[in-house]
Structure formats: structure tokens, C-alpha cells
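# Architecture and fold: a report
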Amino acid sequence: MISLFKDRSAVSVFWLIIICFGLHTNSLLNPPDVVISPADGYFYYILRPLQQAQPYLASLLFILLIFLLALQLNFVLNALRMYSRQGNAAALAFLLFSALLPQFNVLSTALFACNLFIWILYSACSLYAASRPKAAIYNFGMFCGLSILLYYPSFPLVIIAFLTLMIIRSFKINEWFVLLFGLLTPAYFLISYLFLTGNLKFLPQPRQIFDMIQMPVPPIMFIITFSVSTLIILWGIFSVQSSGVNTLIQVRKSWSVFFAAMLLMLPVVFFIKGAYPLVLLLVVLPGAAYTGYAFAHSRNILPVIFFWALVGLSIYNNWFAKY
């Protein structure tokens, strides 16, 4: 099964569609809820019309979004040449991870923020060979700032942006200021617009976003699922580190950006209200990139074992587990 996705072909895309519908059959039979809140960010005001969507339309939209996210992640990794050969293994990994928890089966602001996060990662890694670096850095910063306004739990993008610049490019103080101006530009225009229209009440207060969250004790199946997923992602990280892909400077820096983004997005569940558990979808994206690499380049039995382990957990969690 895994070998089908090691190359880019119409057959592998067909099987991606089959797997996507198979893993999310529950969402077809039980239309997903629309989980949005003003505390999520300004995506709330954009996505409110979805609350009136017909059930069958919500189901199809959810599956379409999941499938498009998988293809976009796959495209970005292939475009950045982070795999030694082009294939669809990363898309497969994302489909598997995104189906692990029943809490993921909703139309949420986090799901739409994943699309922005993919292109932010792509923009970050593309800074290495940018022909007009200052313009690229400013656009990258502005993109990050806009994403934070649209989805507050993506606030770590502030740190990720500066860390990315440190990883990708040699230190130049003027480029850091350009990045800072880019990050502040969306907030500047938003505050100016709200001030001129007398709607400053729509600006969020820090206490509405940040807080030390007391995490409930998760169910045993969640702990098992999280542990297995972590093990598989660590296997992917080890596969990347032990391969010859790191001989290319740009590729090595790109993997460092993905690793930093994954680590920095994870703590969001502890200090931003309402982020848990949907923000884990953003953590899944770089995790799927590592896992996809291991799927595509490992020649032992581990990819098959881990593939069926994820499929089994998805089926049990969505159909039999009590959450």
C-alpha cells in the first residue's frame, strides 16, 4: 500500500481520494458541526455563514478541505525539494493524522488556518533563494501578522517568523526591522479601520485570548493515540536526520524551519483559550511532512506497521471510543 504513494501518479491520487473518504466516512454519515467563536480570531466573522450550511454541504466541504490541505502540503514539500524524489507520501500522512481524533471532524477556524500555515512555511523556506529578499521578508511578515489576526492561536508565528529569519538568512539588522514592520502592518490597518469606523470594541483584550489553561485529564485512548503519533513523528524526524537529504543547505534549513514550527505551535494548547484540541491540526502539518518522508524513503516493514496502526486508531477513535 505504501509503495503506491512513493511516486506522483494518477493512481496514487485516486487512492488518496479513496483513503480520504474511507477515513472520514463518519463525517459523511454524521455531518460535522461548525465550531467557530469570536475568541478564535477574525476568521469567525468570515466563516459565520457556514453555520447556515446544509448538512450534506458541510460534510462535502469538510472532506474537500482535508483533501486539499493534504495536496497543498504535498505540493509545498515537492516544490522545496525536501524529498529526494517527488511523491504523495506527505499527503497520505496528513490524511492519516487528521482522522485520528473525532474532535478534528468539525468545520473550524483551525482547519482554515492550516491553509495559511502551509503557505507561511513555504514562504519561510523560500526566503533562502529570494531574488528580492527585503520584499519577500516583508510579505512573509505581513502574511504571518494577518494569520495571527485571523486565528489567535497562531500567535507563536511571531517567534517562528524571527527564528525562521535566523535559520534561513545570515543576520542583517535591517532585514529584522523589515520583518517587524511586516508583522505589524495588518494590525496597524485593522486598528486604523476600527478607529475610523468607531468599532474599537471589536479589538480583542489580552485576557480574552491568553490564560494558563488547566488541561483536563484526557481519556486513555487520547493518550495512546498521542503517544503513537509522537512515536511515528519521531521516527520521521530520525529518518530525515539519518538521510543524505541534509547535505543540501537549503533543504537542511527548510527542515529546521518545519521542526521549529512544530515545536513552537504545540505549547499553544496551554496558554490560549479555546485552542485545544483543534490547534493540534497545525502541529500535524510539519509532523506529516516528517512522517511522509519516512514513508517514502524507508525500505523496511515499519511504514506498513505504522500505516495500519494509524488506520486502526482512526477507526476505533471515530466509531467505538467514548470521548
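Placed above this text is the structure.
Below is a short write-up of the structure.

Calculation criteria
Residues numbered from 1 in each chain as written. Predicted model: local features only at pLDDT ≥ 70, side-chain atom pairs only at ≥ 80, totals over all residues. Heavy atoms only, no water. Helix = DSSP H or I, 4+ residues; strand = E, 2+ residues; numbered from the N terminus. Expected span 1.5 Å × (residues − 1). Contact = heavy atoms within 4.5 Å. Phe/Tyr/Trp six-rings, centres within 6.5 Å; stacked < 30°, edge-to-face > 60°. Buried < 20%, exposed > 50% of the residue type's maximum accessible area, 1.4 Å probe, protein only. Core = buried A, V, L, I, M, F, W, Y, C linked by side-chain atoms within 4.5 Å. Axes fitted to C-alpha atoms, helices over the stretch in contact; angles between N-to-C directions. Parallel < 35°, antiparallel > 145°, perpendicular 65-115°, else oblique. Left-handed = near helix turned anticlockwise from the far one by under 90°. Nonpolar A, V, L, I, M, F, W, Y, C, P; charged D, E, K, R; others polar.

## Considering helix α1 (residues 10-23)
Helix length check: α1 (14 residues) gives 20 Å between terminal C-alpha atoms against 20 Å at 1.5 Å per residue, within 8%. Against α2 (25-29), α4 (55-79), α5 (89-98) and α15 (302-319) lie the buried residues of α1.

## A short note on the packing of aromatic side chains
According to the stated counting rule, one finds 22 aromatic pairs in the structure shown. When the centroid spacing of 6.4 Å and the interplanar angle of 10 degrees are considered together, the rings of Phe222 and Phe226 count as stacked. You can see Phe222 and its partner Phe226 sitting in helix α11 (residues 220-241), four residues apart, about one turn around the helix. The class of Phe226 is partly exposed, set by a relative accessible area of 40%. What links up through ring pairs into an aromatic cluster is the set Tyr83, Trp255, Phe258, Tyr290 and Tyr293.

## A word on the nonpolar core
The nonpolar side chains of soluble globular proteins are, as a tendency, buried together. Among the nonpolar cores identified, the biggest contains 114 residues, and Leu92, Phe94, Trp255, Phe258 and Phe295 are the most heavily contacted of them. The biggest single contributor to this core is helix α14 (residues 280-297), with 13 residues. When near neighbours in sequence (up to four residues on either side) are disregarded, Phe258 contacts Leu73, Leu77, Leu80, Met82, Leu121, Cys125, Pro286, Ala289 and Tyr290.

## Considering the environment of Pro219
Tracing the chain through its elements places Pro219 in the loop between α10 (206-209) and α11. C-alpha separation for the pair Pro219 and Phe104, spaced 115 residues apart in sequence, amounts to 16 Å.

## Examining the packing of helix α6 (residues 109-126) against helix α8 (residues 157-168)
Remark: α6 packs on α8, axes separated minimally by 10 Å, with the N-to-C direction vectors making an angle of 25 degrees. The orientation of α6 relative to α8 falls into the category roughly parallel. Crossing handedness for the pair α6 and α8: right-handed. Side by side, α6 and α8 meet where Phe117, Ile120, Ala124 and Cys125 of the first sit next to Leu157, Thr164 and Ile168 of the second. Taken together, the residues of the contact of α6 with α8 sort by class into six nonpolar, one polar and no charged.

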